[in-house]
Amino acid sequence: MTDYVIEANGLAKSYGDFQALKPSSFKVPLGRILGVIGANGAGKTTMLNAVLGLMSYEGDLSVMGNNPSSERGKLMQDVCFIADVATLPKWMKVSEVLDYVEGVHTKFDRAKAMSFLNRTKVPQDRKVRALSKGMTVQLHLAIVMSIDAKLLVLDEPTLGLDIIFRKQFYASLLEEYFDEDRTVIITTHQVEEVEHILSDVMFIRDGEIVLEADMDELTQQFIEVMVTPGKEEEAAKLNPMSKGITFGKTTCIYKNVDRDTLAALGETRRLGLADIFVATMTGEGQ
Amino acid sequence: MNTYIALVKREVLDGKNGYIRVPLILSALTLAMVFLSSVGVGELNLVSDIDHHEVKNIGDALNLAQQEEAADLPAGITAGYWVISLLMWAAFPFVIFFSLLSALYEERRDRSILFWKSMPVDDWQEVAAKLFTIVLVTPVIFFAVAIAAQLVTALLLSIVVLFQGGPVLELWPLGLMISGWFSMFGHYILWALWALPILAWVLFVSAYASRLPIMWALITPLAVIIAEGMFLDTHVFASWLGRQLGGWQEWAFHDLGRGLDIDGPRDALNMVFGAAQWEALKFSLTSMRFWTGLVVAGGFVYGAIELRKRGT
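Residues numbered from 1 in each chain as written. Chains lettered and ligands numbered in written order. Predicted model: local features only at pLDDT ≥ 70, side-chain atom pairs only at ≥ 80, totals over all residues. Heavy atoms only, no water.

Helix and strand counts for chain B stand at 13 helices and 0 strands. In sequence order, chain B lays out its α and β elements as α-α-α-α-α-α-α-α-α-α-α-α-α. For chain B, buried positions account for 44% of its 312 residues. For chain B, restricting intrachain contacts to residue pairs at least 6 apart in sequence, the fraction spanning at least 24 positions comes to 77%. Summed over its atoms, the accessible surface of chain B is roughly 15,700 Å², and 71% of this surface lies on carbon and sulfur atoms. (Helix = DSSP H or I, 4+ residues; strand = E, 2+ residues; numbered from the N terminus. Buried < 20%, exposed > 50% of the residue type's maximum accessible area, 1.4 Å probe, protein only. Contact = heavy atoms within 4.5 Å. Areas by Shrake-Rupley, 256 points an atom, 1.4 Å probe, with all protein chains shown as cover.)

Right, let's get into unusual backbone geometry. All names here are of chain A. The phi dihedral of Asn256 is positive, around 55 degrees, even though this residue is not glycine. Here Asn256 is to be found in the loop between strand 12 (249-255) and helix 10 (259-263). On the accessibility criterion, Asn256 (56% relative accessible area) is exposed.

All names here are of chain A. Counting buried residues along helix 1 (residues 44-51), 7 of its 8 residues qualify, which places the element largely inside the surrounding structure. Listing the buried residues of helix 1 in full gives Lys44, Thr46, Met47, Leu48, Asn49, Ala50 and Val51. Backbone geometry just after helix 1 places Gly53 at a positive phi near 75 degrees.

All names here are of chain B. The contact between helix 9 (residues 174-208) and helix 10 (residues 213-232) brings their axes to 9 Å, and the two run at 130 degrees. Considering their axes alone, helix 9 and helix 10 lie oblique with respect to each other. In this structure, the crossing between helix 9 and helix 10 has a hand that is right-handed. Contacts between helix 9 and helix 10 involve Trp201, Val205 and Tyr208 from the former and Pro213, Trp216, Ala217, Thr220 and Pro221 from the latter. In terms of residue class, the contact of helix 9 with helix 10 is made up of 7 nonpolar, 1 polar and no charged. (Axes fitted to C-alpha atoms, helices over the stretch in contact; angles between N-to-C directions. Parallel < 35°, antiparallel > 145°, perpendicular 65-115°, else oblique. Left-handed = near helix turned anticlockwise from the far one by under 90°. Nonpolar A, V, L, I, M, F, W, Y, C, P; charged D, E, K, R; others polar.)

We now examine the environment of Ala154 of chain B. Residues and elements named next belong to chain B. Note on placement: Ala154 falls in helix 8 (residues 123-164). Each C-alpha atom of the pair Ala154 and Val8 lies 32 Å from the other, and the pair is 146 residues apart in sequence. Apart from residues lying up to four places away in sequence, Ala154 is in contact with Tyr81, Leu171 and Trp172.

With that settled, the discussion passes to a nonpolar patch on the surface. Together, Leu222, Ile226, Met230, Phe231 and Leu232 of chain B give the surface a local cluster of nonpolar side chains, amounting to about 600 Å² of exposed area. By the secondary structure assignment, Leu232 of chain B is in helix 10. (Patch = residues over 30% accessible without salt bridge, like charges linked within 9 Å, V, L, I, M, F, W, Y side chains within 5 Å. Salt bridge = Lys/Arg side-chain N within 4 Å of Asp/Glu carboxyl O.)

This paragraph deals with the packing of helix 8 of chain B against helix 9 of chain B. Residue and element names in this part refer to chain B. Relative to each other, helix 8 and helix 9 sit at 150 degrees, their axes nearing to 11 Å. What the angle tells us is that helix 8 and helix 9 run roughly antiparallel. Handedness of the helix 8/helix 9 crossing: right-handed. Touching Val127, Leu131, Val135, Leu136, Pro139, Val140, Phe143, Ile147, Gln150 and Leu151 of helix 8 are Met177, Trp181, Met184, Phe185, Tyr188, Ile189, Ala192, Leu199 and Leu203, all from helix 9. Of the residues belonging to the contact of helix 8 with helix 9, the class tally is 18 nonpolar, 1 polar and no charged.

Dropping the structure here:
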């Protein structure tokens, strides 16, 4: 029995001449929260669609031991996802959506969904069409969190929602859903909001995985130094990934350079994930 | 099994305007007309060859019919009850056509396909459930409404005739009514199997078209007919379409009239409910065209499933 939820070997996808995903190999273990980060059109959704059995692909891909392209129905017993657009059927009433999921999904716990929904203002007798954007997401989240799945994929789940709701969304995901027997994959542009819950990250650029790392290790690797005036030359010798000027002082970002050495150059600080992403995508000294 | 029930229930909910409201409203409309006119029937001189001045209302008419056409009366009444649901059945092909046309199209347009695909239901199950609901569950609902309308009509007329004084029991030819329900449904099944390649074509288009599925569904066969006429000067495709959509009955019943002396509604009804059903079944099962049509239907259904696998 494998402990990997996803095992991809040479996974690729082309549309004609355009390679949306270059051959990629990666493994995602159980009990992780993985952030997949990349610019628009970098290939995040393409990769996730392959994993979810929503499109054909080249290469080997195994998700929970299933072949997603031929066994999507079976796969969805253990995998759940929220796509990057509102997908709940607008013509259905909230209660009818719950009836349907209860009918087709053996791992759906309706009582649990009701307890999630009772904390919201989502009205049961209304059609999905009549719900606000926030309520629709709350409903969808209540459904997926009540399904006892091993893998949950969230593609830009909080797009267009206000900040209070986004905070609640991730809080309940972390507190009430996630455990060591599940893996969650999140893609989002709002990196700052997810970085504290992620255990792993993957950066994608132009259809290529450029970085795959454990969050703790990653944040330790990158250090930003606000260089003390006069030490600029010394700082430049250590090969910074990128250089900038803040408040008239030179700032340098380093990867895998001893923290004590850097401390001698000036004030050091850890980088946030967004800054690491930008540095990795634009930096030269890798 | 649960999955299947949930899928069919969802389809019925999705199409409830066409599947439930249309037959109910049209039947209610007809019933209202029947009731109002039956109460108001005066002298039946409107019908050209009826010239009985003693007939003042439905009750009288029934009395007269009982005296003069006793043998044909039950059949005549049964046939009359089917006429009541004509309006509803006229809408039926449209309901079927538009339901098939939107079955695999709307879910892509509103992106709900991504939600359905997040559930442990295979694409073939989805397509099968849609086809099953539209081709089989919808007519069951229509038949149920038709039967209810017949019973309500009989009840309303009974009340009217009770007041007017007439043979109320003549309004309840139950044996004929019941055998009519079964044979009509059986005939529908046979009709649907013949029409299946065309029904499956519409379903295939709904999975294929990125927009305007109705244009694809109608213009493609039209283009084939025109091209065939222009370049080959033949009408093979058009006659195939006509045959699958009901023209086969002309062939199936080709020999039926011979040797039979059809005189009045009783003989006609006996034939339709009895011999015709067996003739049609026998003809179909031994017809190469019938089986070829089913194979073509299978091809389109397979295509629809494959397209749905790729659709997002």
